[in-house]
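# Structure at a glance
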Amino acid sequence: SLFATEIVTALVGDANVSNVLASIASGLATEIPLENIAQGLGRANPASGRMELVDEGQKFCALVDSAKTPEDVRNAIQSARSIPQCRRVIVVVGADGTNDDINAAIGGEAEKVMRCKLGETVDKYADVVFVTTQSPKNEDAYDLLEDVVDGFRDRVYDLPAVKERLPDGIIADIPFMKDMYLIHPNAQSEAVELQNLVRRYVIVDRFFAVRAAIAMAEENDCVLILGKGDQDFFEIEGQKFWFDDRMESRDALKRLPALQAEGVVTTSLPWFRVEDGAFQGNILGITAT
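Residues numbered from 1 in each chain as written. Predicted model: local features only at pLDDT ≥ 70, side-chain atom pairs only at ≥ 80, totals over all residues. Heavy atoms only, no water.

Before going further, it helps to spend a moment on helix H11 (residues 245-261). Think of an α-helix as 3.6 residues a turn; residues three or four steps apart then line up on the same face. Helix length check: H11, at 17 residues, gives a terminal C-alpha distance of 25 Å against a target of 24 Å (1.5 Å per residue), a fit within 8%. Among the residues of H11, Asp-245, Arg-246, Glu-248, Ser-249, Ala-252, Leu-253 and Leu-256 are the ones counted as buried. Elements that come into contact with the buried residues of H11 comprise strand E1 (52-53), strand E2 (61-65), helix H10 (206-216), strand E6 (222-226) and strand E8 (239-242). By the N-cap criterion, in which a side-chain oxygen at the helix start approaches the backbone nitrogen of a residue two or three places on, H11 is capped by Asp-244, the distance to Arg-246 being 2.8 Å. (Helix = DSSP H or I, 4+ residues; strand = E, 2+ residues; numbered from the N terminus. Expected span 1.5 Å × (residues − 1). Buried < 20%, exposed > 50% of the residue type's maximum accessible area, 1.4 Å probe, protein only. Contact = heavy atoms within 4.5 Å. Polar contact = N/O pair within 3.5 Å; in protein donor to acceptor, adjacent residues only side chain to side chain.)

Scanning all chains against the criterion turns up 26 salt bridges. The closest approach of N and O atoms between Glu-56 and Arg-250, which form a salt bridge, is 2.7 Å. Remark: Arg-250 occurs in helix H11 and Glu-56 occurs in the loop between E1 and E2; sequence separation between them is 194 residues. You can call Glu-56 partly exposed: its relative accessible area is 35%. You can call Arg-250 partly exposed: its relative accessible area is 30%. Notably, a salt bridge pairs Arg-81 with Asp-127, separated by 3.1 Å at the nearest N-O pair. Of this pair, Arg-81 sits in helix H3 (residues 70-81) while Asp-127 sits in the loop between helix H5 (108-125) and strand E4 (128-131), and the two are 46 residues apart along the sequence. Of the residues examined, Arg-81 reaches a relative accessible area of 34% and is grouped as partly exposed. In this structure Asp-127 comes out as partly exposed when scored by relative accessible area, which is 30%. Via salt bridges that share partners, Glu-111, Lys-112, Arg-115, Glu-139 and Asp-147 belong to a single interconnected network. (Salt bridge = Lys/Arg side-chain N within 4 Å of Asp/Glu carboxyl O.)

The analysis is restricted to geometry; functional conclusions fall outside its scope.
Right, dumping it as structure tokens:
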């Protein structure tokens, strides 16, 4: 009986549910025993970089996917949210830059609109967002971050909780939806507190964005590292530099238990250490108030 056999698979996402059901139907149609089908599906691995599970025994889900268009990003987030007991979806996202010849052919404005739509989409569907660098190519990485954040900056700045913290136009003096490198040192502490408030973060360095997202996750959360999939490099001004989201995620997951065992609180930014109930310093070096 179909209902007497449990099928466990590492294939994640709505698209893979359809694939699994199709495989079961095809197998049964050719009179393959259901137990054999279940064993085969249990050994099946996802396509490299497509909702690929990174598992180091953590109590939350970490997935790497190549989604980079607004539609694909929405589908990936919705697939993650459909995972049983999913609590929050934490997304790392960026936008590729263009090479000069391509940019001239399709028009830079069209790319900016697409990036803005990407930001709007991830803001609408994700619980926590980290905007970061992806593959700048011949464009400025900070400009790409701005294009993505343009998709949700106004919504965030109009939130009552933000206006309460930054009344009477002070927001012009603390444009907090930026990477900390671009914010005056005197305003960095306030800016990171505001990013914590809205759960929207801007971190130009993808190495740190991946680690911040994974470290922020709690039990039953789902972390989605989007945009690169199985691509293992950045492209910057015609040169390629190694970076693999799957390996970086696995490294972060391996290091996280020891970090938290030392009393480091990683559920917001900046990370900090609390000893005997007292604040003991800021690991990211931002002055705490």
